[in-house]
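Below, each chain spelled out in residue letters.
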Amino acid sequence: MFKFLHTADIHLDSPLIGLQRYETAPVQEIRNATRRAFQNLITLAITEKVDFVLISGDLYDGDWKDFNTGLFLIKELAKLHEHGIKVFIISGNHDAASQITLNLRLPENAYRFSHSQPETRFLEDIGAAIHGQGFATRAVMNDLSLSYPDAVPSYFNIGMLHTSLNGREGHEPYAPCSIDSLLSKKYDYWALGHVHKKEVVSEAPWIIFPGNTQGRNVRETGAKGCTIVTVRDRDNIQVVHHDVDVLRWHICALNADGCETPEDILGKFESYLESVMENNSGHPSAIRVSISGRCKAHSELSVNSEKWEAEVRSLAAQAGYGSLWIEKIKFDTDMDFDINELIKAGDPLGDLIKFIQEIKSFEEITNPIQNDLTQLKAKIPRELFYGDDALDIEFKGDISGILNDVKQLLISRLLYGQR
């Protein structure tokens, strides 16, 4: 019997660009998350007494800023060396040979496979043959698996491959291959990498994406970890997923249909937060909140959005005792009325809505007041026309979204008396 740990897409020291623009973001906690998740993985390997660890690509996130990334890795791999645990690594698109210019010699228990052709490493004492090839360049568009050798008789054969397989949403189609081409090699286990979502592609033989070890943004939601495989014989293989992440990302999509007041929506959000706290195993969490639907609460939300955004953040802070962070809030509700019915009424409000509906371009609005706009622009300080929040008096884009917002705001104020 032997045991091994399969991991991929660790992305050590991923920069998490843009985090600083969120005022309350726990920047340091999130930035160190990939390192802490890797430390959890190392501890798990030692605790489970695995014989070896497989890292199927994207150990790094790209070229190192300095040698600290490499020094951290060496220190953690040395812990495995103390316990006689070997490590086998293939490079992926993020840490391809062409991407990494800095490097450090790996400890003697660690081996990085060639990026020019497949190699096989034998573990004679346990009867395992490990086959692998890394990426030479970031964008490998050919099927690397075609060159892998057939299974070695009487050995437990493992293939390590960084691949998009036959395509996965949200991932570049690097090193594409078919399930049939993997099956043709007659391996007992395929240790895949590149796809950040955990997936068991096949159980006979086992073909697995373990997912990444730590979600790095809101597109990588839920628990993240690695796979531990226990081999008693070729017909008795146990596969268990283990979480190693330290911070989790969530998307909260609240349906506000029929809600009379913002407080009704907050009640739904409270229930959601309770569920997160119950099922999150104590992990700090970052949440993106999206509130949509047709409701009477829309008018108050649109007029006082800043207040209700603060209320949402306040609820999260109270429910999580500081462990929940709201990454972003989007109010996308609509008033609970039929615009066509309002237009049919033929009153001043209906006429106003009809006028807005008939506007096709920005020029229809601005041409009659173009001279006034020109004079206004001359009086506005020039610095206000530059930067991320620059004024755009000469807007030429699609105004349908703007007009819809105007309709909603006018109707809520005129029909329901909101201010």
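Residues numbered from 1 in each chain as written. Predicted model: local features only at pLDDT ≥ 70, side-chain atom pairs only at ≥ 80, totals over all residues. Heavy atoms only, no water.

Visitor: Would you mind going over helix H2 (residues 33-47) with me for this structure?
Guide: What sets the pattern is the α-helix's 3.6 residues per turn: residues three or four places apart point alike. When the terminal C-alpha atoms of H2 are compared, their 21 Å separation across 15 residues agrees well with the 21 Å that a helix rising 1.5 Å per residue should span. Within the span of H2, buried status applies to Ala33, Thr34, Ala37, Phe38, Leu41, Ile42, Leu44 and Ala45. Just downstream of H2 lies Lys49, where phi reads positive at about 55°. (Helix = DSSP H or I, 4+ residues; strand = E, 2+ residues; numbered from the N terminus. Expected span 1.5 Å × (residues − 1). Buried < 20%, exposed > 50% of the residue type's maximum accessible area, 1.4 Å probe, protein only.)

Visitor: It is not clear to me how the pattern of salt bridges should be interpreted in this structure. Could you clarify?
Guide: All chains considered together, the criterion is met by twelve salt bridges. Between Glu48 and Lys3 there is a salt bridge, with the nearest N and O atoms lying 3.3 Å from each other. Here Lys3 lies in strand S1 (residues 2-7) and Glu48 lies in the loop between H2 and strand S2 (52-56), a separation of 45 residues in the sequence. A relative accessible area of 16% means that Lys3 is categorised as buried. In this structure, the salt-bridge partner of Glu220 is Arg216, at a minimum N-O distance of 3.4 Å. Accessibility expressed as a relative area gives 9% for Glu220, which makes it buried. Note on Arg216: relative accessible area 15%, which makes it buried. Among the charged side chains, a network of salt bridges with common partners joins Asp61, Arg216 and Glu220. (Salt bridge = Lys/Arg side-chain N within 4 Å of Asp/Glu carboxyl O.)

Visitor: Before we go on, may I ask you to explain the nonpolar core in this structure?
Guide: Across soluble globular proteins, nonpolar side chains have a tendency to be buried as a group. Within the largest apolar cluster, 27 residues are counted, with the highest numbers of intra-cluster contacts made by Leu5, Phe38, Val53 and Leu59. Elements with a minimum of two residues in this core: H2, S2, helix H3 (68-82), strand S3 (86-90) and strand S11 (225-233). When residues of this core are assigned to their parent elements, the largest contribution, five residues, is made by H2. Every residue in contact with Leu5, bar those within four places of it in the chain, is listed here: Leu41, Leu44, Ala45, Val50, Phe52, Val53, Leu54, Cys226, Thr227 and Ile228. Among the nonpolar cores identified, the runner-up in size contains 23 residues, and Ala256, Cys259, Tyr272 and Leu324 belong to it. (Core = buried A, V, L, I, M, F, W, Y, C linked by side-chain atoms within 4.5 Å. Contact = heavy atoms within 4.5 Å.)

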